[in-house]
Amino acid sequence: MSIIVPCYQEEQVLQTFHQRVAAVINRLPVSCELLYIDDGSTDATPYLLRQFRTHSWVRCLRLSRNFGKEAALRAGLDHARGQALIFIDADLQDPPELIATMVDHWLQGYDVVNMQRARRDGDGWLKKLTATLYYRTMRVLMAQGSLPAQVSDFRLIGPAAVAALRAMPEQVGVFKLRVGWVGFRSIELPYARVGRVAGTSKWNYPALLDLALEGALAFSRKPLRWYSIACASTFLICNGVLLTAILAGSVSLLHVLLGVTGLLCLGVAMLGEYLGATLLEVKRRPLYLLQTERERGTEHEVRNGVVHHGGRP
Ligand code: UDP
Ligand code: MG
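Residues numbered from 1 in each chain as written. Chains lettered and ligands numbered in written order. Predicted model: local features only at pLDDT ≥ 70, side-chain atom pairs only at ≥ 80, totals over all residues. Heavy atoms only, no water.

As annotated in an unreviewed UniProt entry, the chain carries the name Glycosyltransferase family 2 protein and is attributed to Pseudomonas machongensis.

Structure follows, in structure tokens:
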């Protein structure tokens with residue numbers, strides 16, 4: 001198994017985090033690597049990670065600059081050697097001790113174990129409110145897959161879901177939405193998310209807006225469809241008025257303008273629909289993923305006719 005930890009300017013917490021996670025790894029019933037992704041930190045983070053690397057079960061990757069947490073997660077997904085992956089923040093807001101429970105659930109047969117924030121003690125009221133709004137909006141917008149409320153990036157992903165996620169090469173999007181999209185047997189485990197042990201959050205409101213827009217663009221054609229319906233309705237109304245005027249023999253310049261407006265609206269709706277279809281096409285996502293029975297010691301996943309095999313640790 002691989003535990004993936006994105007880190008950016010975390011010099012104040014890394015030592016404590018490493019000690020706590022090492023204690024957990026020692027007690028796990030599966031073999032494990034700890035993979036740190038240094039997202040271009042300029043503080044003592046790279047120095048600390050070099051020290052941790054003296055253990056054979058620790059690996060560190062360093063991005064050439066700060067690319068943001070989403071990119072760090074993707075680097076972890078691409079480079080992890082374990083068959084199941086756990087993603088966890090370095091700031092101890094996600095308690096490493098819960099990893100043992102997550103592994104238990106995986107061994108019981110779940111492919112994805114999502115940790116759900118039952119309490120967010122570390123966050124202010126505005127962050128809680130905007131986060132709730134974000135989850136509600138995304139759930140309305142997401143056409144396929146699921147986005148459980150208050151589930152962020154603290155999760156375990158089993159081999160079948162990992163293979164499916166690696167097969168999604170798309171650039172625009174949000175990792176947690178992709179996990180929701182691939183499906184498989186999932187469970188949500190509630191936990192209390194505490195405040196940061198030290199250091200500062202890199203989270204901000206423009207970043208949340210960015211994430212929301214990227215998510216909507218990558219996972220929803222619904223706004224385009226809603227606009228198409230509005231445009232098509234406008235076309236019908238405008239041309240209905242024009243036709244009535246023609247039949248009554250009282251066509252004026254206003255009626256002609258209405259007719260032209262209706263036609264323009266129909267054009268915009270058609271463009272939107274073609275754009276939506278193109279967006280789906282360029283992503284080249286698999287059309288379907290198969291859920292297979294887990295056999296003892298082996299895992300089979302079939303995707304678009306290709307069979308992937310993998311053993312459990
Ligand atoms: N992080 C990262 N790159 C960034 C920002 C954050 O790898 O550009 C890491 C950070 O080190 C931490 C995790 O992502 O391990 C969550 O970041 P943060 O605590 O700032 O976010 P919050 O918990 O406040 O949403
Ligand atoms: Mg945090």
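### Overview of the overall build of the chain
The helix and strand inventory of the chain stands at ten helices and nine strands. Here the C-alpha coordinates of the chain stretch approximately 90 × 45 × 35 Å along the principal axes. Across the 313 residues that make up the chain, the buried fraction comes to 46%. Put simply, of all contacts in the chain between residues at least 6 apart along the chain, 76% involve residues at least 24 apart. Measuring between centres, the 35 positive side-chain charges of the chain sit 1 Å from its 27 negative side-chain charges. (Helix = DSSP H or I, 4+ residues; strand = E, 2+ residues; numbered from the N terminus. Buried < 20%, exposed > 50% of the residue type's maximum accessible area, 1.4 Å probe, protein only. Contact = heavy atoms within 4.5 Å. Lys, Arg positive; Asp, Glu negative; His and termini not counted. Charge placed at Lys NZ, Arg CZ, Asp CG, Glu CD.)

### As for the UniProt feature "transmembrane region" (unreviewed entry) in the chain
Mapped onto this numbering, the UniProt entry gives "transmembrane region" (unreviewed entry) at residues 226-247 and 253-275. Helix and strand shares over residues 253-275 are 100% and 0% respectively, and the end C-alpha atoms of the span are 33 Å apart. (UniProt positions renumbered as here; feature names shortened; annotations may be inferred.)

### Digging into the site of ligand 1
With respect to spatial proximity, 18 residues lie near ligand 1, and among them E10, D39, D91, S201 and K202 are the closest. A distance of 2.6 Å separates an oxygen atom of ligand 1 from a polar side-chain atom of E10. D91 is positioned such that a nitrogen or oxygen atom in its side chain is 2.7 Å from an oxygen atom of ligand 1. Burial of ligand 1 by the protein amounts to 91% of the accessible area it has alone, namely 530 Å². (Near = heavy atom within 4 Å. Polar contact = N/O pair within 3.5 Å; in protein donor to acceptor, adjacent residues only side chain to side chain. Areas by Shrake-Rupley, 256 points an atom, 1.4 Å probe, with all protein chains shown as cover.)

### Some details on the state of the cysteines
In this structure the tally under the stated criterion is zero disulfides. Looking at C60, it has no disulfide partner, and the nearest cysteine sulfur is the one in C7, 8.1 Å off. Summary of cysteine pairing: C265 is not part of a disulfide, and the nearest cysteine sulfur, belonging to C231, is at 4.7 Å. Since its relative accessible area comes to 17%, C265 is described here as buried. (Disulfide = S-S within 2.5 Å.)

### Regarding the packing of helix α9 (residues 222-248) against helix α10 (residues 253-283)
As a packed pair, α9 and α10 sit with axes 8 Å apart at the nearest point and diverge in direction by 155°. Accordingly, the angle class assigned to the pair α9 and α10 is roughly antiparallel. Two packed elements cross with a definite hand, and for α9 against α10 that hand is left-handed. Here the contact of α9 with α10 is composed, by residue class, of 15 nonpolar, eight polar and two charged. (Axes fitted to C-alpha atoms, helices over the stretch in contact; angles between N-to-C directions. Parallel < 35°, antiparallel > 145°, perpendicular 65-115°, else oblique. Left-handed = near helix turned anticlockwise from the far one by under 90°. Nonpolar A, V, L, I, M, F, W, Y, C, P; charged D, E, K, R; others polar.)

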